[in-house]
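# Structural description and commentary
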Amino acid sequence: MPAPQRLHDEYVDLVLQELKSAADFNTIYIGGGSPSALSVNNLKKLLSALKTDGEFTMEWNPEQVTDEKIKLALDFGVNRFSLGAQSLNDCLLKMLGRKHSAKIAMNALEKLNSAFKTGSCDLMFCLPNQSTEDFLNDVKYLINMDLNHISFYGLTLKKNSKLPPQPEELYPEMYLKATEILQTAGICRYEISNFAKPGHESKHNLVYWKRGQYLGAGPSAHSYLNGIRSYVDGKYLQWKKWVRNGCSKTEITQDIPDSYGKEIEAVWLALRTREGLSLTSYEQEFGKKFDLEKAEPFIKRKWLTLNGDSLALNGEGWLWLDKILLYF
């Protein structure tokens, strides 16, 4: 059941109160919950308080894309969209409980892509009852829409899910074939799940993968500042109480990794990207050389490549990063 309007009003006010002491932003990304669910008035209130000279991304649900909200977003500096289509197959959308149809998603994508000139569409793969052909047809449609950025993610079902079983045996085939089709079309992988034409990579998301600093606002939103990861309570009432009491730093949950944790995180995040792990940067940060003997079995299998200073995923290695990291 959708949240009542009064909660939307309250939520926007609380987010803006939390951000009141924040400095200017290099990039902004609003989403994770979709801001397109807000009324025009609440969306205007939120956007008018957020300013950046850089990339400004807004998430949209297909059924909430309107000309009025698009114009409002443009007026307040949003310059990139992210649309959560998930699938362009009506049967799969219905099974997932999505409110939009394939036609609504296609119309929304056409409007957004025309208005913003750059942005992304999210797809899911390895869905119950989804064939490889189903997924690849979605990918080809997005290519034909002249989209600049495409993201796709394998579905992870919770235990005791009521959905039918996933076609897990098709996971590698779906991922590798979609990657090949995209790269042939000039939409290149720059992170495990993200593909873009040159110059259209998400600057905001690159901050995450390169361990840059970022500030999150809202229930359970995570931040990474001065080498410390932190988040506030994910339950709305607790978060509301925290904001109204002045956003006390002592009530934030902090995750301060030890040196081993930092090392694992650095390797994992770097290997997620096209550039891979810089061996020089690793040595400078951790005071030791990276143990290339541990990488040797994967280099022989062509899951990893060593190109000068860079150790990067290759071929089927993009499917098995967790397995590689566990061996490291």
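Up top you'll find the structure we're talking about.
Because the structure is a prediction, the values reported are computed rather than measured. (Residues numbered from 1 in each chain as written. Predicted model: local features only at pLDDT ≥ 70, side-chain atom pairs only at ≥ 80, totals over all residues. Heavy atoms only, no water.)

### Describing the layout of surface pockets
What the second largest pocket holds in volume is close to 450 Å³. Lining the second largest pocket we find 19 residues, and of these Tyr171, Ile192, Trp318, Leu319 and Asp322 sit closest to its centre. For the lining of the second largest pocket, the elements supplying multiple residues, two or more each, are β5 (149-154), α7 (171-184) and α13 (321-327). Partitioning the lining of the second largest pocket into residue classes produces 12 nonpolar, three polar and four charged. (1 Å grid on protein atoms, 1.4 Å probe; cavity = no way out; pocket = protein on both sides within 12 Å on 5 of 7 lines; lining within 4 Å. Points joined across faces, edges and corners; volume = space filled by probe spheres on them. Helix = DSSP H or I, 4+ residues; strand = E, 2+ residues; numbered from the N terminus. Nonpolar A, V, L, I, M, F, W, Y, C, P; charged D, E, K, R; others polar.)

### Some thoughts on the sheet that holds strand β1 (residues 28-30)
Overall, mixed pairing links the seven strands, which are arranged β1-β2-β3-β4-β5-β7-β6 in an open sheet. Here the strands that pair on one side only, and so sit at the sheet edges, are β1 and β6 (188-191). Here the strands of the sheet are splayed against their neighbours by 25 degrees on average, with no regard to which way each runs. By the bridge criterion, six bridges tie strand β4 (residues 119-125) to β5 in an arrangement that is parallel. Residue pairing in the sheet places Ser120 in a bridge with His149 of β5. Docked against the sheet, helix α5 (residues 102-116) engages β2 (56-60), β3 (80-86) and β4, running at close to 170 degrees with respect to β3. The sheet contacts of α7 involve β4, β5, β6 and β7 (194-196), and relative to β5 the element is tilted by about 175 degrees. (Pairing = 2+ DSSP bridges. Axes fitted to C-alpha atoms, helices over the stretch in contact; angles between N-to-C directions. Contact = heavy atoms within 4.5 Å.)

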